[in-house]
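Each chain, letter by letter, is given below.
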Amino acid sequence: MGESGTLLRELLRQRRVRGYPSFCREYSKAAAVLDSSLTHRYPSKAQFYRWLSGELISLPYGEHCRVLEEMFPSWTAEQLFEPYAGALNVVPRPAQAAVPMSSSELVMVHPTRSAVPYDLWTELITSVRANLDVLVYSGQFLVEQHNIVPVIRAKVKDGVRFRFVVGDESADAVVQRAVEEGTTGGLEGRVQMMRRYLREIIPLPGVEVRTHGTVLYNSIYRFDDQMLVNGHAYGSLAGQNPVLQLRRVEGGHMWRHYMESFDRVWAGAREESR
């Protein structure tokens, strides 16, 4: 992004919001309108100054984008992080009231999760540079088939952030899913195994693990600006269900829709003990 800074920096300057403490106060006010649980989830000081300078690899997490768009309703998050060239008439126009879903968000539909090429999983996991988010009940295959733990150990040294939301094997929704899949006890066992794997990496900087007991309609795997969404049809195993392969594009609806779903589950999940 540009050396002169972002549009966000200019808009904050116009509002006379100067410095990190002032920004945090304004952020909390906007967050309270959306969800009280977000009021104190403002970025770190280092992140904030990267937002202003434009030294970003990708857009911030969905929850941050939602709050910023509440602060500046005339602009999309994508526009807020574009370079500011010295005058508002030379930056992107404010967002329109409604932005149609872009078909370019949808890269491919894989008929089943099992049909997603092994090399694609490998490329997505190993090429991540900023954010990897996972929402599942188990997701054990990421460890046992794709050897993700060593990748995490290596990438946290480069500042990559990892968020895993896995199931609580004792939750009613998890137990019911096992019954519906015809794997009574099996799903619960896979969840326990995944939680055990993840406990090994919880102490690493940038790794966060939480557990949830929500009804899981989709498993979500986010790799920077790429995403795999594994739907769940009643009575079938996750690996038997179709997978949407998405990419984040300006004005796209699907990416934001699924990231907001992830954020809602994340906000209500419990931090996993070490």
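Thresholds applied
Residues numbered from 1 in each chain as written. Predicted model: local features only at pLDDT ≥ 70, side-chain atom pairs only at ≥ 80, totals over all residues. Heavy atoms only, no water. Buried < 20%, exposed > 50% of the residue type's maximum accessible area, 1.4 Å probe, protein only. Helix = DSSP H or I, 4+ residues; strand = E, 2+ residues; numbered from the N terminus. Arc of directions from axis to C-beta. Salt bridge = Lys/Arg side-chain N within 4 Å of Asp/Glu carboxyl O. Expected span 1.5 Å × (residues − 1). pLDDT = per-residue confidence, 0-100. Contact = heavy atoms within 4.5 Å. Pairing = 2+ DSSP bridges. Axes fitted to C-alpha atoms, helices over the stretch in contact; angles between N-to-C directions.

> I'd like a rundown of helix α6 (residues 118-127), residues and numbers included.
Among the residues of α6, L120, W121, L124 and I125 are the ones counted as buried. Considered in projection along α6, the buried side chains sweep an arc of 125° and stay on one side of the axis. Relative to its buried face, α6 has exposed residues pointing more than 90 degrees away, namely D119 and E123.

> Before we move on, could you go through the pattern of salt bridges and cite the residues and values that matter?
Side chains bearing opposite charge may pair, as long as their charged atoms lie close to each other. Applying the stated criterion to the full structure yields 15 salt bridges. The shortest N-O distance in the salt bridge between E26 and K29 comes to 3.4 Å. One end of the pair, E26, and the other, K29, are both in helix α2 (residues 20-34), 3 residues apart, so they sit about a helical turn from each other. For K29, a relative accessible area of 54% puts it in the exposed group. Between R41 and E63 there is a salt bridge, with the nearest N and O atoms lying 3.1 Å from each other. Of this pair, R41 sits in the loop between α2 and α3 (45-53) while E63 sits in helix α4 (residues 62-71), and the two are 22 residues apart along the sequence.

> With reference to specific residues and values, describe α2.
Taking 1.5 Å per residue, 15 residues should reach 21 Å; α2 reaches 21 Å between its end C-alpha atoms and fits that length. All buried positions along α2 are accounted for by Y20, S22, F23, C24, Y27, S28, A30 and A31.

> Describe in detail the confidence of the model for the protein chain, supporting the description with residues and values.
Per-residue confidence for the protein chain gives a mean pLDDT of 87, with 91% of residues at or over 70. Ignoring residues within four places in sequence, the model shows residues 96-103, a span with pLDDT below 50, making 5 contacts including any to other chains.

> Give a detailed account of the sheet that holds strand β1 (residues 106-110), specifying residues and quantitative values.
Across a sheet, strands are paired by hydrogen bonds formed along the backbone, either parallel or antiparallel in direction. The 8 strands lie next to each other as β1-β7-β6-β5-β2-β3-β4-β8, forming an open sheet whose pairing is mixed. Bordering the open sheet on either side are β1 and β8 (270-271), each of which pairs with just one other strand. Relative to strand β7 (residues 243-247), β1 is paired through 4 bridges, and the arrangement is antiparallel. Looking across to β7, one finds that V109 is bridged to L244. Where helix α8 (residues 148-155) meets the sheet, its contacts fall on β2 (131-135), β3 (161-167) and β4 (207-212), and the angle it forms with β3 comes to roughly 145°.

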